[in-house]
Amino acid sequence: MSKGPRPVLSVEEAQAHILSTVRVLDAERVALLEGADRILAQAVTADRDIPPLTNSAMDGFALRGEDIAAGERKFRVVGEVAAGHQASVEVGPGEAVRIMTGAPVPPGADTIVRFERTRSENDSVVVLDPPSVGSNVRQAGEDVCAGQEVLRPGQLLRPQEVGMLAAVGQLQVSVIRRPRVAILGTGDEVVAPDQMPGPSQIRDANSYAVAAQVRRYGGLPMLLGVAHDEEEVVRQGMRQALERGADLLITSGGVSVGDFDLIKQVMDAEGQMHFWSLNMKPGRPMAFGEVGGIPLLGLPGNPVAAMISTRLYARPALLKMQGHQDWSERTIKARLAEPIGRKDGRRHYLRVYLRETESGPEATLTGDQGSGILNSLVQADGLAVIPEDARHLPAGSDVQVILLE
């Protein structure tokens, strides 16, 4: 691939390019509960009617609707039936059977009168408020019929879909598998969190913050540690990702223009680099390409830039890989509590906290907005999106806010 200058892309252009590169992964069969919140890979049909037989929707008395229609109000109780059992008697003229919710409606009956609308008299029951014919009866198959397709490929398995799978006897389910995501930190200045940093070193917050995001978006993070600033060490880290069967490799650091920013160099040498400069702040230097046949997302080294880039680019990629068709962000409109001024022509993502006011949500900056200030995200409820063409936004201006919960 050409080593010449590459264009600066907009956020949408970069997202579209990444999404056109990643593919939907193959399917796997998992235990039913492990399939929750995942995408169904094959159609599911019902093996029987649901409900399997005509049954009572209420606790009450089963009787003949024609008797009620004819003005009959007093009925002789000739039996009782509970859910899970069959009625032992047939209901004849002037007769009723005591019945519980879910119990099969006995032969001859077609109407249920609720207990609270009756009065008992010795071995009989008096109907105080007669229902219409057919009331409180659930017909066999009124929910699902045998052979009916109840779930189709591509559906998200919410709790209600999980319940339907259980109802049709599916304790194993075919779903799109979760992507394995290798995460590699870089830099001589970065050490593991359990080490005491030297005077010029920092702990590796990025790998863990990115891994937590990957897990939140459905991926399976694999932490590869930190590669120091040597090309061969970075190559070894990338090879380790391939050996462990990663579907996506995410690195942090090493994508700017410094002498020791090696990710771009190794990506160019070992695979293809598609782009590395974006019209946004924070997160302008972000590389994307392919190494060893898998996509590589090279995040900036500053923690806020790394996390925002993961949200904007890794999140939709991971959702697509899992079969999702909607990866749009949840946003709200909020009013700025303070003026915003800037002149660099980039799209800015400002960390804000939100409070509800009488006139709607209000967004306030969470202090220092530097891309190295992780606490600005810790304090944030959302990211206020400041468009590229905005030069000055006075207090009270409306902005879109990406919610971070």
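The following paragraphs examine the structure supplied in this document. Just so we're clear, the structure is a prediction, and the values are computed from it rather than from any experiment.

Some thoughts on the sheet that holds strand S9 (residues 124-127)
In step 1: Pairing within the open sheet is mixed, and its six strands lie in the order S7-S4-S6-S5-S9-S8. Each edge of the open sheet is held by one strand with a lone partner, namely strand S7 (111-114) and strand S8 (118-121). Averaged over all adjacent pairs, the angle separating strand axes in this sheet is 40°, with direction ignored.
In step 2: Pairing of strand S4 (residues 60-63) with S7, which is carried by four bridges, proceeds in the antiparallel orientation. What sits directly across from Ala-62, in S7, is Ile-112.

Points about the packing of aromatic side chains
In step 1: Within the structure shown, the criterion is met by two aromatic pairs.
In step 2: A ring pair is formed by Phe-61 and Phe-115, whose centres lie 5.3 Å apart and whose planes are at 75°; its orientation type is edge-to-face. Here Phe-61, found in strand S4, pairs with Phe-115, found in the loop between S7 and S8; they are 54 residues apart in sequence, far enough to count as distant.
In step 3: Since its relative accessible area comes to 4%, Phe-61 is described here as buried.

Observations concerning empty space enclosed by the protein
In step 1: In total, this model carries one cavity of 30 Å³ or more according to the counting rule given.
In step 2: Put simply, the largest cavity is a space of about 40 Å³.
In step 3: What lines the largest cavity is simply Ile-18, Val-22, Leu-248, Phe-288, Leu-297, Tyr-313, Ala-314 and Ala-317.
In step 4: Here the element with the most residues in the lining of the largest cavity is helix H7 (residues 303-321); it accounts for three residues.
In step 5: Across the lining of the largest cavity, the residue classes break down as eight nonpolar, no polar and no charged.

Quick look at the environment of Val-11
In step 1: Its location among the elements puts Val-11 in helix H1 (residues 11-21).
In step 2: Val-11 sits in the buried class, given a relative accessible area of 2%.
In step 3: C-alpha of Val-11 to C-alpha of Asn-279: the two residues are 268 residues apart in sequence and 6.9 Å apart in space.
In step 4: Once you skip the residues sitting within four places of it in the chain, Val-11 turns out to touch Met-280, Tyr-313, Arg-347 and Tyr-349.

Some details on the pairing of strand S22 (residues 331-336)
In step 1: Summarising the sheet, S22 and strand S28 (residues 398-403) pair through five bridges and their orientation is antiparallel. Note that in S28 the partner of Lys-333 across the bridge is Gln-400.
In step 2: In this structure, S22 lies alongside strand S25 (residues 360-365), joined through two bridges in parallel fashion. The residue bridging Leu-336 from the neighbouring strand is Ala-363, located in S25.

Digging into the packing of helix H4 (residues 205-216) against H7
In step 1: With their axes 10 Å apart at the nearest point, H4 and H7 run at an angle of 30° to one another. The pairing of H4 with H7 is recorded here as roughly parallel in orientation. For the pair H4 and H7, the sense of crossing is right-handed. Contacts between H4 and H7 pair Asn-206, Ala-209, Val-210, Gln-213 and Val-214 from the former with Pro-303, Ala-306, Met-307, Thr-310, Arg-311 and Leu-318 from the latter.
In step 2: Grouping the amino acids of the contact of H4 with H7 by side-chain chemistry returns seven nonpolar, three polar and one charged.

As for the sheet that holds strand S18 (residues 271-277)
In step 1: Strand order across the open sheet formed by six strands is S16-S13-S17-S21-S20-S18, with mixed pairing between neighbours. At either end of the open sheet lies a strand with only one pairing partner, and these are strand S16 (220-227) and S18. Neighbouring strand axes in the sheet, compared pairwise and without regard to direction, differ in orientation by 20° on average.
In step 2: Pairing of strand S20 (residues 285-291) with strand S21 (residues 294-299) involves five bridges; the strand directions are antiparallel. Counterpart to Val-291 in the pairing with S21 is Ile-294.
In step 3: Running over the sheet, helix H5 (residues 231-243) touches strand S13 (180-186), S16, strand S17 (248-252), S20 and S21 and is turned about 160° from S16.

Rules of the game
- Residues numbered from 1 in each chain as written.
- Predicted model: local features only at pLDDT ≥ 70, side-chain atom pairs only at ≥ 80, totals over all residues.
- Heavy atoms only, no water.
- Pairing = 2+ DSSP bridges.
- Helix = DSSP H or I, 4+ residues; strand = E, 2+ residues; numbered from the N terminus.
- Axes fitted to C-alpha atoms, helices over the stretch in contact; angles between N-to-C directions.
- Phe/Tyr/Trp six-rings, centres within 6.5 Å; stacked < 30°, edge-to-face > 60°.
- Buried < 20%, exposed > 50% of the residue type's maximum accessible area, 1.4 Å probe, protein only.
- 1 Å grid on protein atoms, 1.4 Å probe; cavity = no way out; pocket = protein on both sides within 12 Å on 5 of 7 lines; lining within 4 Å.
- Points joined across faces, edges and corners; volume = space filled by probe spheres on them.
- Nonpolar A, V, L, I, M, F, W, Y, C, P; charged D, E, K, R; others polar.
- Contact = heavy atoms within 4.5 Å.
- Parallel < 35°, antiparallel > 145°, perpendicular 65-115°, else oblique.
- Left-handed = near helix turned anticlockwise from the far one by under 90°.

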